[in-house]
Amino acid sequence: MTWPRIIAHADMDAFYASVEQLDDPSLRGKPVIVGPRSKRGVVLTASYEARKYGVKSAMPAVEASRRCPQGIFVPPRFERYQSLSAAIMKAFSQFSPVVEPLSLDEAFIDMTGAEGIFGSARQMAELIRQAVFDSTGGLTASVGISSSKYVAKVASDFNKPDAVTVVAPEEAIEWLSPMPVSRLWGAGPKTVPRLERAGLYTIGDVRLATDEYLRKHLGSSGAHFKRLATAQDWRPVASRRTARSMGSDRTLVDDVSSVEEISYFLRRSADKLGERLRRKGYSAGGVRVKLKNNRFQSFSRQALLAAPSDNARVLFDTGVSLLNQFDDRGPYRLVGLAVYDMRKIDSPEQLGLQFDHQISAQKSDMLERVIDHIADKFGDGAVTRAGSIGKSGTVAGNTPNLDFVD
Ligand SMILES: [Mg+2]
């Protein structure tokens, strides 16, 4: 089975406490408790040495010093944590333009389509861990990697500290099964007892329960837990670096479901994006397809390009190649294409084209520049491709048609 998406969750190990141990070697190997010792203070982070005594985050400092009298209290230094956090996030961004930070010390990284660059999922996770170690001068992270955010996050926590856990999508359901229900997102101190009163102790129990049983005992969150228990979590990794991407979406009057129909709209979007990229002097590092079905569920798939491109044909072909990665069968009411990881066209990565790709790419580059030129002179829509004929609203009857296939 191929991975529909590759999502990594990277989480620093005992972040604040590890930073203190990094900066002050005399604290290494000792039970460090970051937080004020005052009567009303709480523990922010405990080192693994202190955790052995049962000291945990959010525990009152008084309780922590009772459990671990030899614990060394260290006041937090947030500026230092923030500057290391910036270094960590920068390290993540070397692997993907789509990084979603959850806090100072953890993030989702969408690695979909990057196999050609970084290798297998395990290799990706190891590289991320190494990059964190190098960029911080010696801090460790744990990385979980799977096909969904939920499973990746559970995986990063699985073997902590300093671990990589890979959960292949076809193994995810079995892998989750023996875990306690407290591992379900949204199952907190109030919900776990409710699940247990209903006889649901493991994630496998939740998966095997009927929808009706879950609804009766848990209300509307029953369906949510069932989805997680069956490893269904299609939420995209939401990068906040939106300025470096741009998209062209279309909400359709008539829903579409066939590849041909979807491709038609992808082609229109690709033309528009290619033209905008060339006009602004940018090329794109990756392409993302977004589909929304008639139940208003959104899905997206993305891929890095072999080399940055501003060529509509390349954007379109990549978009079409992503279509077989969607599990949902539609019908769709929205079809969108976006480019991300945009960069100025004269950056050195432009030289990364393979020679044989280069010739055909140059040909269609020239053709597209001609189209831009005609569009400048006669307006958008003056020239269109043969593939667009016969669809409403795109073809002006007597204008020349060009088709890149020729
Ligand atoms: Mg952490």
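Residues numbered from 1 in each chain as written. Predicted model: local features only at pLDDT ≥ 70, side-chain atom pairs only at ≥ 80, totals over all residues.

Chemist: Break down unusual backbone geometry for me, citing the residues and quoting the values.
Modeler: A cis amide bond, omega -5°, links K160 with the succeeding residue P161. Along the chain, P161 falls in the loop between α7 (149–158) and β8 (164–166). Of note, the amide linkage connecting G330 to P331 takes the cis form, showing an omega dihedral of 0°. With respect to the helices and strands, P331 occurs in the loop between α14 (312–322) and β12 (332–340). (Helix = DSSP H or I, 4+ residues; strand = E, 2+ residues; numbered from the N terminus.)

Chemist: Hey, could you go over the sheet that holds strand β7 (residues 141–146) for me, with residue numbers and the actual values?
Modeler: As summarised here, the arrangement of the 5 strands in space is β5-β6-β1-β7-β8, forming an open sheet in which the pairing is mixed. Edge positions in the sheet fall to β5 (99–103) and β8, since each of these pairs with one other strand and no more. Sheet twist, expressed as the mean angle between neighbouring strand axes with direction ignored, is 15°. Sheet topology places β7 next to β8; 3 bridges connect them, and they run parallel. What sits directly across from G144, in β8, is T165. Sitting on the sheet, α7 touches β1 (7–12), β6 (106–110), β7 and β8, and the angle it makes with β7 is about 145°. (Pairing = 2+ DSSP bridges. Axes fitted to C-alpha atoms, helices over the stretch in contact; angles between N-to-C directions. Contact = placed C-beta atoms within 7 Å.)

Chemist: How would you summarise the confidence of the model for the protein chain if you had to cite specific residues and measurements?
Modeler: With 83% of its residues at a pLDDT of 70 or more, the protein chain shows a mean pLDDT of 84. Under a pLDDT of 50 for its full length, residues 347–359 has, in the predicted model, 11 contacts with residues more than four places off or in other chains. Segment residues 386–406: pLDDT under 50, and 30 contacts once partners within four positions in sequence are set aside and those in other chains are kept. (pLDDT = per-residue confidence, 0-100.)

Chemist: Now, about the pairing of strand β11 (residues 298–309): what can you tell me, with residues and values included?
Modeler: Examined bridge by bridge, strand β10 (residues 282–293) and β11 share 8 bridges and lie antiparallel to one another. Among the inter-strand pairings, L291 is bridged to a residue of β11, identified as F299. Counting the residues in the hairpin turn of β10 and β11 gives 4 residues, including F296, whose phi is positive at 65°.

Chemist: So what about the sheet that holds strand β3 (residues 45–46)? Which residues, and what values?
Modeler: Strand pairing in a sheet is mediated by backbone hydrogen bonds. Such pairs are either parallel or antiparallel. On the basis of which strands lie adjacent, the open sheet formed by 3 strands has the order β3-β2-β4 and mixed pairing. The open sheet has two free edges, formed respectively by β3 and β4 (72–74), since each of these has just one partner strand. Strand direction decides the pairing type here: strand β2 (residues 32–34) and β3, joined by 2 bridges, are antiparallel. Paired with I33 across the bridge in β3 is A46. Contacting β2, β3 and β4, helix α1 (residues 15–23) runs over the sheet at an angle of about 120° to β2.

Chemist: Break down the packing of helix α13 (residues 259–280) against α14 for me, citing the residues and quoting the values.
Modeler: The contact between α13 and α14 brings their axes to 8 Å, and the two run at 145°. Here α13 and α14 pass one another in a crossing that is right-handed. Contacts from S263, L266, R267, A270, D271, L273 and G274 in α13 reach A312, L315, F316, G319 and V320 in α14. Of the residues contributing to the contact of α13 with α14, the split by class is 7 nonpolar, 3 polar and 2 charged. (Left-handed = near helix turned anticlockwise from the far one by under 90°. Nonpolar A, V, L, I, M, F, W, Y, C, P; charged D, E, K, R; others polar.)

Chemist: So what about the packing of helix α11 (residues 211–218) against helix α12 (residues 221–229)? Which residues, and what values?
Modeler: With their axes 7 Å apart at the nearest point, α11 and α12 run at an angle of 130° to one another. Judged by the inter-axis angle, α11 sits oblique to α12. The crossing of α11 and α12 is right-handed. Contacts between α11 and α12 involve D211, L214, R215, H217 and L218 from the former and S221, G222, A223, F225 and K226 from the latter. A class-by-class count of the residues in the contact of α11 with α12 yields 4 nonpolar, 3 polar and 3 charged. (Parallel < 35°, antiparallel > 145°, perpendicular 65-115°, else oblique.)

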